[in-house]
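Overview (structure and organization)
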Amino acid sequence: MKIGIPNALFIRDKIPMYSKFLNYNNIDTVISSDTTLKTIEDGVEIATSEECIASKIFLGHVQELVNLYKNNYLDAILVPRVYKEKNNIEACVKAMALYDILTNIFKDVKFIDVNVDYSKNITYFKSLINLGITLEINPKNRFFGAFYALQEQKKFEKNRYMKQFENINFKRKNVLVIGNEYIVNDKYIKKLVLSSLNNVNIIFACINNKVNRYKNISEQVYFSNSINVMNGVEEYIDFIDACIFITGFPCATDSLINEMIKERIRNIPYIEIMVDENTSSTGIVTRMESFSDIIEGRIYI
């Protein structure tokens, strides 16, 4: 059996967990490729005009897996639904609706959904157990598969965080990239925005030690992704020389959160880049080169 996993949106950050669970139970996984211009074009063709760029990218990844499914290379596509995460914090509404959106767009494709809702005691561990029930995996393998999957996820997150933290270098400029993980770590967007930056350390606010410091910025934050980014800003604020906001159009939540963060980093130079399917490198390179000059000037004045 082969199950496809979209390499986009909130699902990408949990790929180590889902892959480990499925592989432990002798189910092969196929991860969609890194985002390309064609991925975005495919997503735009499917999506409504009101969809954010992250959703359009996600739909492009799903389209790639749907093509494999129709060619009998996949048996199903995994699409988790996340309602509330730890501490009953809301996930983005996109995370709640993806399965329903996809089953309405691709009516002849088999999607497997698995719910995560901490308010109903459906933790990630419980959701993996439920996934095992759906896939008719025996109870023992469900339990150990879920256990090892969560260990794999923790290991992945710890190693990613330690690698970034160890790269902080006070002999070079440290630039904090602020934005949701599925935006700032998408390889297409990352290359589009950050490729022209040289001789700096790039730090991602979304990769942090998960300690809740966000209330230093705002005590009322609704979505888990926003809380994660704010925690990162608070963790790295004493180490950075500049900030880059990368925001997917037209995410209203990110726009509000960005304004809150700007108040917190008011003495640190920043630039804000809004990306959508029409964004090209031409204008961005010019802006980023000018911003690099500002950072250099701040350091040597």
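Residues numbered from 1 in each chain as written. Predicted model: local features only at pLDDT ≥ 70, side-chain atom pairs only at ≥ 80, totals over all residues. Heavy atoms only, no water.

1. Let's talk about the packing of helix α2 (residues 15–24) against helix α6 (residues 124–134)
Describing two packed helices takes the angle between their axes plus the distance from one axis to the other. Direction vectors running N to C along α2 and α6 enclose 40°, while the axes themselves pass 11 Å from each other. In terms of orientation, α2 lies oblique with respect to α6. As α2 runs across α6, the sense of the crossing is right-handed. Judged by residue contacts, M17, Y18, F21 and L22 of α2 engage Y124, L128, L131 and G132 from α6. Residues of the contact of α2 with α6, tallied by class, amount to seven nonpolar, one polar and no charged. (Axes fitted to C-alpha atoms, helices over the stretch in contact; angles between N-to-C directions. Helix = DSSP H or I, 4+ residues; strand = E, 2+ residues; numbered from the N terminus. Parallel < 35°, antiparallel > 145°, perpendicular 65-115°, else oblique. Left-handed = near helix turned anticlockwise from the far one by under 90°. Contact = heavy atoms within 4.5 Å. Nonpolar A, V, L, I, M, F, W, Y, C, P; charged D, E, K, R; others polar.)

2. Section: the packing of aromatic side chains
Enumeration according to the criterion identifies eleven aromatic pairs in this entry. Ring centres of Y222 and F223 lie 4.9 Å apart, and the angle between their planes is 75°; this geometry places the pair in the edge-to-face category. Cluster of aromatic residues (ring-pair linked, three or more members): Y24, F125, F143, F144, F147 and Y148. Its end group placed over the ring of Y124, K14 keeps NZ or CZ at 4.6 Å from the ring centre. (Phe/Tyr/Trp six-rings, centres within 6.5 Å; stacked < 30°, edge-to-face > 60°. Lys NZ or Arg CZ within 6 Å of the ring centre and 35° of its normal.)

3. Things to note about the environment of R172
You can see R172 is positioned in the loop between α7 (139–166) and β8 (173–178). Given a relative accessible area of 37%, R172 falls into the partly exposed group. Put simply, R172 and V200 are 28 residues apart on the chain and 5.9 Å apart in space, counted from C-alpha to C-alpha. Not counting chain neighbours up to four residues away, the residues in contact with R172 comprise N199, V200, N201 and D241. (Buried < 20%, exposed > 50% of the residue type's maximum accessible area, 1.4 Å probe, protein only.)

4. Re unusual backbone geometry
Of the consecutive residues F249 and P250, the connecting peptide bond is found in the cis state with omega at -5°. For P250, the location among the structural elements is in the loop between β10 (242–248) and α11 (252–264). Phi is positive for L9, close to 50°, though the residue is something other than glycine. Its location among the elements puts L9 in helix α1 (residues 9–12). A relative accessible area of 5% means that L9 is categorised as buried. Look at N26: it is not a glycine, yet its phi comes out positive at around 60°. Assignment of secondary structure puts N26 in the loop between α2 and β2 (28–31). Here N26 falls in the exposed class, since its relative accessible area comes to 71%.

5. Quick look at the nonpolar core
In this structure, F58, F111, I244, I246 and I261 are the most contacted members of the largest nonpolar core, which totals 97 residues. For this core, the element with the most residues is helix α4 (residues 53–70), which contributes nine residues. Sequence-distant contacts of I261, defined by excluding residues within four places in its chain, comprise I178, I217, V229, M230, V233 and F245. (Core = buried A, V, L, I, M, F, W, Y, C linked by side-chain atoms within 4.5 Å.)

6. Remarks on the layout of surface pockets
Of the pockets and cavities examined, the largest pocket occupies roughly 1000 Å³. What lines the largest pocket is a set of 33 residues, and nearest its centre among them are K14, E85, K86, E157 and K210. Those elements that provide at least two residues to the lining of the largest pocket are β4 (81–85), α6, α7, α8 (181–184) and α10 (224–236). Broken down by element, the residue count for the lining of the largest pocket peaks at six residues, all from α10. Each residue belonging to the lining of the largest pocket can be placed in one class, and the counts come to 15 nonpolar, nine polar and nine charged. Taken as a whole, the second largest pocket encloses approximately 300 Å³ of empty space. Listed by contribution, the elements that provide at least two residues to the lining of the second largest pocket are α4, α5 (93–105), α8, α10 and α11. Here the lining of the second largest pocket takes three residues from α11, the largest share from any one element. Among the residues forming the lining of the second largest pocket, the class breakdown is twelve nonpolar, five polar and four charged. (1 Å grid on protein atoms, 1.4 Å probe; cavity = no way out; pocket = protein on both sides within 12 Å on 5 of 7 lines; lining within 4 Å. Points joined across faces, edges and corners; volume = space filled by probe spheres on them.)

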